[in-house]
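Overview (structure and organization)
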Amino acid sequence: MTVTVLGISGSPRRHGNTETLLDSFLDGARAAGATVEKVVLRDINYSPCRGCNACHKTGECVVKDDAPGLYDRILAADCVAVASPIYSMGITAQLKGFIDRAQYLWARKFILKTLDFSEDHIKQHKGVFISTAGQNQAHVFDSAFPAITAFFHGTGFDYAENIVANNMDAYNGINNHPTALKEAYEKGQQTVRDLEKIKNT
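**A few points about the sheet that holds strand S4 (residues 126-132)**
As summarised here, the arrangement of the five strands in space is S2-S1-S3-S4-S5, forming an open sheet in which the pairing is parallel. The two strands at the open ends of the sheet, each matched to only one other strand, are strand S2 (35-40) and strand S5 (158-165). Neighbour-to-neighbour, the strand axes of the sheet open up by a mean angle of 15°, direction not taken into account.

Listed below in structure tokens is the structure:
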């Protein structure tokens, strides 16, 4: 069974440091035999959650745009790699707005009890967070992790890996980083191999 990998770029800037790092991960996954797809959030039509709580009764989002369809693709993937640069010590508005749109899945899981992810399901679905930051601070990514954790837990993924690279200002971009792109490529390969082993046991 072929492993499917979905990359989601939450950067408002095309082909910047974070998307380039994501691309390296996806290239590694593809080289390991996975079917790979990438979605760029700035190129799709969606709006933030309205907080209307209608989904608490119906399990459906009342906003008719591209977000629910993308969540369907997320739920169908074996691995999701979500990428965001660090803006103002957190993930981008584009990614946060999209994560908030998963409220209808939260409602199905915790209020309506119509959605459940078994332990076996979670083990077979891997979530990876990919990020870059301009600053050379060890804690620069810390504020991003809770939202990413909520995203993966709400969609039934084992939050398996962080692929992060800081100090981009000093390196003058990800292409000048001595190890980040190679490490992302190798982790893309390894993630697919790990999933293949799990699925074949």
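From this point on, the discussion continues.
**Here we look at a nonpolar patch on the surface**
A surface patch of nonpolar side chains, about 290 Å² in accessible area, is lined by Trp106, Phe110 and Ile111. Overall, the relative accessible area of 43% leaves Phe110 in the partly exposed class.

**Thoughts on the packing of aromatic side chains**
On inspection of all chains with the given rule, the structure shows nine aromatic pairs. On the numbers, 6.2 Å between centres and 85° between planes, the contact of Tyr71 with Tyr104 is edge-to-face. On the criterion of sequence distance, the pair formed by Tyr71 in helix H3 (residues 67-76) and Tyr104 in helix H5 (residues 103-111) is long-range, its members being 33 residues apart. For Tyr71, a relative accessible area of 0% corresponds to the buried category.

**With respect to the nonpolar core**
Ile74, Val80, Phe98, Ile148 and Phe151 are the most contacted members of the largest nonpolar core, which has 37 residues in total. When contributions to this core are tallied by element, the ones reaching two or more residues are strand S1 (4-9), H3, strand S3 (79-83), helix H4 (93-100), H5 and helix H7 (145-154). Residue contacts for Ile74: discarding those within four places in its chain leaves Leu6, Ile8, Val80, Phe98, Phe151, Thr155 and Phe157. Counting 23 residues, the second-largest nonpolar core is a separate cluster that includes Ala29, Val36, Ile130 and Ala165.

**Quick notes on H7**
All of the buried residues along H7 are Ala147, Ile148, Phe151 and Phe152. Axial view of H7: buried residues confined to an arc of 130°, hence all on one face. Where H7 ends, the next residue or the one after it, Gly156, has phi of about 85°, a positive value.

**Focus: the environment of Phe98**
Within the fold, Phe98 resides in helix H4. The exposure class assigned to Phe98 is buried, which follows from its relative accessible area of 0%. On a C-alpha basis, the gap between Phe98 and Asp27 in space is 24 Å, while along the polypeptide they are 71 residues apart. Not counting the four nearest positions on each side in its chain, Phe98 is found in contact with Leu41, Tyr46, Ala67, Leu70, Tyr71, Ile74 and Phe151.

**A word on the packing of H4 against H7**
Between H4 and H7, the shortest axis-to-axis distance is 10 Å and the interhelical angle comes to 35°. Crossing hand, H4 versus H7: left-handed. Counting all contacts with H4, which are made through Leu95, Phe98 and Ile99, the residues of H7 involved are Ala147, Ile148 and Phe151. Along the lines of polarity and charge, the residues of the contact of H4 with H7 split into six nonpolar, no polar and no charged.

**Notes on the pairing of S1**
Counting buried positions over the six residues of S1 gives five, a clear majority of the element. The pairing of S1 with S2 spans six bridges and is parallel. Paired with Leu6 across the bridge in S2 is Glu37. Each parallel crossover has a hand, and for S1 linked through helix H1 (residues 17-31) to S2 it is right-handed. In this structure, S1 lies alongside S3, joined through five bridges in parallel fashion. Residue Gly7 lies in a different strand from S3, and its bridge partner there is Ala81.

What counts, and where the lines are drawn
Residues numbered from 1 in each chain as written. Predicted model: local features only at pLDDT ≥ 70, side-chain atom pairs only at ≥ 80, totals over all residues. Heavy atoms only, no water. Pairing = 2+ DSSP bridges. Helix = DSSP H or I, 4+ residues; strand = E, 2+ residues; numbered from the N terminus. Axes fitted to C-alpha atoms, helices over the stretch in contact; angles between N-to-C directions. Patch = residues over 30% accessible without salt bridge, like charges linked within 9 Å, V, L, I, M, F, W, Y side chains within 5 Å. Areas by Shrake-Rupley, 256 points an atom, 1.4 Å probe, with all protein chains shown as cover. Salt bridge = Lys/Arg side-chain N within 4 Å of Asp/Glu carboxyl O. Buried < 20%, exposed > 50% of the residue type's maximum accessible area, 1.4 Å probe, protein only. Phe/Tyr/Trp six-rings, centres within 6.5 Å; stacked < 30°, edge-to-face > 60°. Core = buried A, V, L, I, M, F, W, Y, C linked by side-chain atoms within 4.5 Å. Contact = heavy atoms within 4.5 Å. Arc of directions from axis to C-beta. Left-handed = near helix turned anticlockwise from the far one by under 90°. Nonpolar A, V, L, I, M, F, W, Y, C, P; charged D, E, K, R; others polar. Right-handed = clockwise from strand over helix to strand, strands pointing away.

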